[in-house]
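Listed here are the chains, written in short residue letters.
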Amino acid sequence: MPDYGIDAAVDITSVVCPVTFVKTKVAIEELDDGQILLVRMNDGEPIQNVPRSLKDEGHEILKLIDNKDGTYNLIVRKRESGG
Amino acid sequence: MAFSDEQLERYSRNIILKEIGVKGQKRLMDAKVLIIGAGGLGAPAALYLAAAGVGTIGVADADAVDLSNLQRQIIHATPDVGRPKVQSAREKMEAINPEITVKACHEFVNAGNIMALIEGYDFIIDGTDNFPAKFLINDACVIARKPFSHAGIIRFQGQLMTYVPGEGPCYRCVFVSPPPPDAVPTCSQAGVIGAMAGVIGSLQAMEAVKFITHAGKLLTGELLTYDALSMEFRRIKLPSRRDCAVCGAEPSIAAPFDYAAPVCEGIII
């Protein structure tokens, strides 16, 4: 797959809202600015909310990959201004 | 330090906030806040700060819980009547959040112990009920360069101000010295509605959270007044006084001192 170098990955398929986004936030805050995170999430509520919340915080959504097993891989680049 | 799954869940509503996030939650967990007075103002402040995960919370109060306190001091319950307030408060705070450390100080705060008491804390909440204590806390915090939240409540009115060294006036800049003992109604005459303590004490907790997490703008250089009957909040801009006796250019107060203790509280907390 990767057109992108993945710097870290987090799996949020075992948790539900709001811990889905919380775990994603924890993972992305550990990265340096501009680094890339892969988030594996379930279809449904996480897909609707997690990418939107990341975008709201200024991170860049690069790609959403359908794993064809009810989960998705979201590729996101951490925003440059920190956070 | 990594968060446990339980911590992520407990603090999820904090961490989700853009202005708090993981960094802000860690700051809260590393923070030390001292609450002077476990009464009307201190009660909601202590509960909210404990719930938010402020790592170390000191609570200083010499009093025991009285039946007449329960109308507003929501950290105490009927079975606590007669028990030290700091003990009652610590139990409730630890029940809400067993992760935090509560340091109970069962002492009357005075000029002799206040410098040692505030040492090591990042932020102080003045939840006291009388003018001498308010001036004492102000002077000690200015001298020790500690930020603090001032508040006072009476009847249906409340006021609030935040002091941060070098960022606006201190309490003494605004009020100079305590009013004459007969100028303000005593506790047996004035009364206060319990929810007023909840509103203003919660605002004090909010200022502490904002200071710790660096979120938003603090209430420095301004006095916020709240009149519940007219439902009016006002923000009054206040300058520092260059001739302030404690924070001015040539301060005459070099150490905290005690004014004569009030016969009865001027402001009910």
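It should be emphasised that the depicted structure is a prediction, and the values quoted were computed from it without experimental measurement. (Residues numbered from 1 in each chain as written. Chains lettered and ligands numbered in written order. Predicted model: local features only at pLDDT ≥ 70, side-chain atom pairs only at ≥ 80, totals over all residues. Heavy atoms only, no water.)

Trainee: Quick question: what am I supposed to make of the interface of chain A and chain B here?
Mentor: By a widely used convention, the size of an interface equals the accessible area lost when the partners come together. Contacts between the two partners involve eleven residues from chain A and, on the opposite side, 13 residues from chain B. Counting across the chain A and chain B interface gives one salt bridge. A salt bridge links B:D5 to A:K23; the shortest N-O distance between them is 3.4 Å. When residues in the side of chain A that touches chain B are grouped by element, the largest group, seven residues, is from helix α1 (residues 19–29) of chain A. Considering only residue class, the side of chain A that touches chain B consists of five nonpolar, one polar and five charged. (Contact = heavy atoms within 4.5 Å. Salt bridge = Lys/Arg side-chain N within 4 Å of Asp/Glu carboxyl O. Helix = DSSP H or I, 4+ residues; strand = E, 2+ residues; numbered from the N terminus. Nonpolar A, V, L, I, M, F, W, Y, C, P; charged D, E, K, R; others polar.)

Trainee: Would you explain the sheet that holds strand β7 (residues 222–227) of chain B in this entry?
Mentor: Working definition: the strands of a sheet are paired by backbone hydrogen bonds and lie parallel or antiparallel to each other. Residues and elements named next belong to chain B. Across the sheet, eight strands lie side by side as β3-β2-β1-β4-β5-β6-β7-β8; this open sheet has mixed pairing. The open sheet has two free edges, formed respectively by β3 (101–105) and β8 (232–237), since each of these has just one partner strand. For this sheet the average axis-to-axis angle between neighbouring strands, irrespective of direction, equals 15 degrees. Relative to β8, β7 runs antiparallel, the two being bridged by six bridges. What sits directly across from D227, in β8, is E232. Across the face of the sheet, helix α7 (residues 131–144) comes into contact with β1 (32–36), β4 (123–126), β5 (148–154) and β6 (157–163) while running at roughly 170 degrees to β5. (Pairing = 2+ DSSP bridges. Axes fitted to C-alpha atoms, helices over the stretch in contact; angles between N-to-C directions.)

Trainee: Looking at this model, I keep getting lost on the sheet that holds strand β1 (residues 8–11) of chain A. Mind explaining?
Mentor: All names here are of chain A. If you trace the four strands from one edge of the open sheet to the other, you get β1-β2-β4-β3, paired in mixed fashion. Either end of the sheet is taken by a strand with one partner, and the two such strands are β1 and β3 (60–66). Going across the sheet, the axis of each strand differs from the next one's by a mean of 20 degrees, ignoring polarity. Two elements, strand β2 (residues 36–42) and strand β4 (residues 71–77), share seven bridges in a ladder whose sense is antiparallel. Residue pairing across strands places V39 opposite L74, the latter belonging to β4. Set on the sheet, α1 makes contact with β1, β2 and β4; between it and β2 the angle comes to about 165 degrees. Taken strand by strand, helix α2 (residues 45–56) contacts β2, β3 and β4, and its axis lies near 155 degrees from that of β2.

Trainee: Where do I start with the nonpolar core in this structure?
Mentor: Where a protein is soluble and globular, its nonpolar side chains tend to be buried together. All names here are of chain B. By size, the foremost hydrophobic cluster in this structure holds 27 residues, and its most contacted members are V33, I35, L49, V54, I57, M93 and I125. Of all the elements in the fold, those that place two or more residues in this core are β1, α4 (42–52), β2 (56–60), α5 (85–96), β4 and α10 (194–213). No other element matches α4, which puts six residues into this core. Counting residues in hydrophobic clusters, the runner-up holds 25 residues, among them L34, A60, Y121 and F148. (Core = buried A, V, L, I, M, F, W, Y, C linked by side-chain atoms within 4.5 Å. Buried < 20%, exposed > 50% of the residue type's maximum accessible area, 1.4 Å probe, protein only.)

Trainee: What am I meant to see in the packing of α4(B) against α10(B) here?
Mentor: Axes are the key here: two packed helices are described by the angle between their axes and the distance separating the axes. All names here are of chain B. Contact pair α4 / α10: the axes reach a minimum separation of 7 Å and the direction vectors enclose 40 degrees. Considering their axes alone, α4 and α10 lie oblique with respect to each other. As α4 packs across α10, the resulting crossing turns out to be right-handed. Within the contact between the two elements, α4 uses P44, A45, Y48 and L49 and α10 uses A197, G198, G201, S202, A205, A208 and V209. Split by residue class, the contact of α4 with α10 holds eight nonpolar, three polar and no charged. (Parallel < 35°, antiparallel > 145°, perpendicular 65-115°, else oblique. Left-handed = near helix turned anticlockwise from the far one by under 90°.)

Trainee: Please explain the pattern of salt bridges as it appears in this structure.
Mentor: Summed over all chains, the structure comprises 15 salt bridges over all chains. Measuring nitrogen to oxygen at the nearest pair gives 3.0 Å for the salt bridge that ties A:E57 to A:K25. Taken together, the positions of A:E57 in the loop between α2 and β3 and A:K25 in helix α1 put the pair 32 residues apart, joining distant regions of the chain. The two residues A:E57 and A:K25 agree in class, both being buried. The salt bridge partner of B:D80 is B:K92, with a shortest N-O separation of 2.6 Å. Residue B:D80 is located in the loop between β2 and α5, and its partner B:K92 is located in helix α5; the two are separated by twelve residues in the primary sequence. Judged by its relative accessible area of 5%, B:D80 falls in the buried class. One salt-bridge network, in which partners are shared between bridges, spans B:D80, B:R83, B:E91 and B:K92.

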